[in-house]
Amino acid sequence: MVRPPANDRVLIKRMLDAGVKNFLFPCVRSVDEAREIVSATRYPPAGVRGVSVAGRAAWYGARAGYLQAAGDEIAIGIQIETCQAFEAIAGIAALPEVDMIFFGPADLSADMGLLGQTEHPDVRARIQAGIEQVRSHGRMAGVLAPNIYAARFYESAGARFVGIGSDLGCMRTHAQKLLEAMG
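Structure report, in brief.

Cut-offs used in this document
- Residues numbered from 1 in each chain as written.
- Predicted model: local features only at pLDDT ≥ 70, side-chain atom pairs only at ≥ 80, totals over all residues.
- Heavy atoms only, no water.
- Patch = residues over 30% accessible without salt bridge, like charges linked within 9 Å, V, L, I, M, F, W, Y side chains within 5 Å.
- Areas by Shrake-Rupley, 256 points an atom, 1.4 Å probe, with all protein chains shown as cover.
- Salt bridge = Lys/Arg side-chain N within 4 Å of Asp/Glu carboxyl O.
- Helix = DSSP H or I, 4+ residues; strand = E, 2+ residues; numbered from the N terminus.
- Buried < 20%, exposed > 50% of the residue type's maximum accessible area, 1.4 Å probe, protein only.
- Contact = heavy atoms within 4.5 Å.
- Core = buried A, V, L, I, M, F, W, Y, C linked by side-chain atoms within 4.5 Å.
- Disulfide = S-S within 2.5 Å.
- 1 Å grid on protein atoms, 1.4 Å probe; cavity = no way out; pocket = protein on both sides within 12 Å on 5 of 7 lines; lining within 4 Å.
- Points joined across faces, edges and corners; volume = space filled by probe spheres on them.
- Nonpolar A, V, L, I, M, F, W, Y, C, P; charged D, E, K, R; others polar.
- Pairing = 2+ DSSP bridges.
- Axes fitted to C-alpha atoms, helices over the stretch in contact; angles between N-to-C directions.
- Expected span 1.5 Å × (residues − 1).
- Arc of directions from axis to C-beta.

Quick look at a nonpolar patch on the surface now. Taken together, the side chains of Met-1, Met-140 and Phe-161 make up a nonpolar region of the molecular surface, amounting to roughly 280 Å² of accessible area. Among the structural elements, Phe-161 can be located in strand β5 (residues 161–164). When its relative accessible area of 32% is taken as the criterion, Phe-161 is described as partly exposed.

Right, here's the structure in full:
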């Protein structure tokens, strides 16, 4: 799964042409923005993706039927990280091309005025309500959990795509344990 640095259709096209099929689009705030993302991943007439059959995704032109099948092979995850985005969950989940809605507790907590408090009861309750809303629309819900306890909480709330910790956090934790072991 690739998280583009921006929800820009030129970047999305380049990633698609390179063969990326699973996306997690950051900080989506509205149904219109989600529609633009979907459109960027589809060839006309369903979208605005520029047509190319010479890239890796089309096996450098050797894959028969690629243009017709390409849209059906893409998985789209939409990140919800602001209070404004929470208002758009139902509309985003109603888009048939959206496969998952993923919650970002760090940015959400900041937007809620609780900077750095990803496990604050209000943040957890908001995400739990979001997970329920996503699942009621038949979509997969996901979340980034800072630790195993939060991961278990969100899993029990119905999240089925749970990231635990982060790459840098895991490296720092392990490095700290090594330093402590050295005394």
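Position of Ser-39 among the secondary structure elements: in helix α2 (residues 31–40). With near-sequence residues (within four places) excluded, Ser-39 lies in contact with Gly-47, Val-48 and Arg-49.

The biggest cluster of nonpolar side chains holds 40 residues, and the ones touching the most others in it are Ile-78, Ile-80, Ile-92, Ile-101, Phe-103 and Ile-127. In terms of residue count, α2 provides more of this core than any other element does, five residues in total. Among all residues touching Ile-80, those that are not within four sequence positions of it are Val-28, Ala-85, Phe-86, Ile-89, Ile-92, Ile-101, Phe-102, Phe-103 and Gly-104. Within the second largest apolar cluster, five residues are counted, among which are Tyr-43, Ala-58, Tyr-66 and Ala-70.

This paragraph deals with the state of the cysteines. Taken as a whole, this structure holds zero disulfides when the rule is applied. We note that Cys-83 lacks a disulfide partner, and the nearest cysteine sulfur, in Cys-27, lies 11 Å from it.

Time to look at the layout of surface pockets. The volume enclosed by the largest pocket comes to roughly 420 Å³. Sorting the residues of the lining of the largest pocket by element identifies α6 (105–111), β4 (140–145), β5 and α9 (167–182) as the ones contributing at least two each. Here the residues of the lining of the largest pocket sort into ten nonpolar, nine polar and three charged.

Now for the sheet that holds strand β2 (residues 75–80). Ordered by their spatial adjacency, five strands build an open sheet running β1-β2-β3-β4-β5, and the pairing between neighbours is parallel. At either margin of the open sheet sits one strand with a lone partner, and together these are β1 (22–25) and β5. Taken over all neighbouring pairs, the strand axes of this sheet differ in orientation by 20° on average, direction set aside. In terms of strand pairing, strand β3 (residues 98–103) meets β4 through four bridges, oriented parallel. Within β4, the position partnered with Phe-103 by the bridge is Val-143.

Time to look at the pattern of salt bridges. Tallying each qualifying case throughout the model produces seven salt bridges. The partner of Asp-32 in a salt bridge is Arg-35, and the shortest N-O contact between them spans 3.0 Å. Of this pair, Asp-32 and Arg-35 both sit in helix α2, three residues apart, which is roughly one turn of that helix. On the accessibility criterion, Arg-35 (44% relative accessible area) is partly exposed. One salt bridge connects Glu-73 with Arg-63, and the closest N-O pair in it is separated by 2.3 Å. Note that Glu-73 is positioned in the loop between α3 (66–69) and β2 and Arg-63 in the loop between α2 and α3, a separation of ten residues in sequence. Judged by its relative accessible area of 27%, Glu-73 falls in the partly exposed class. On the accessibility criterion, Arg-63 (18% relative accessible area) is buried. Each of Lys-13, Asp-17 and Arg-49 takes part in salt bridges that share partners, so that together they form one network.

For helix α7 (residues 121–136), which comprises 16 residues, the first-to-last C-alpha distance of 22 Å matches the rise-based estimate of 22 Å (1.5 Å per residue) to within 8%. Here α7 has its buried residues at Val-123, Arg-124, Ile-127, Gly-130, Ile-131 and Val-134. Buried residues of α7, seen end-on, are gathered within an arc of 125° and therefore sit on one face of the element. Among the exposed residues of α7, those pointing more than 90 degrees away from its buried face are Pro-121 and Ser-136. Packed against the buried residues of α7 are α4 (83–86), α5 (89–93), β3, α6, β4 and α8 (148–156). Once α7 ends, the next one or two residues include Gly-138, with phi positive near 75°.

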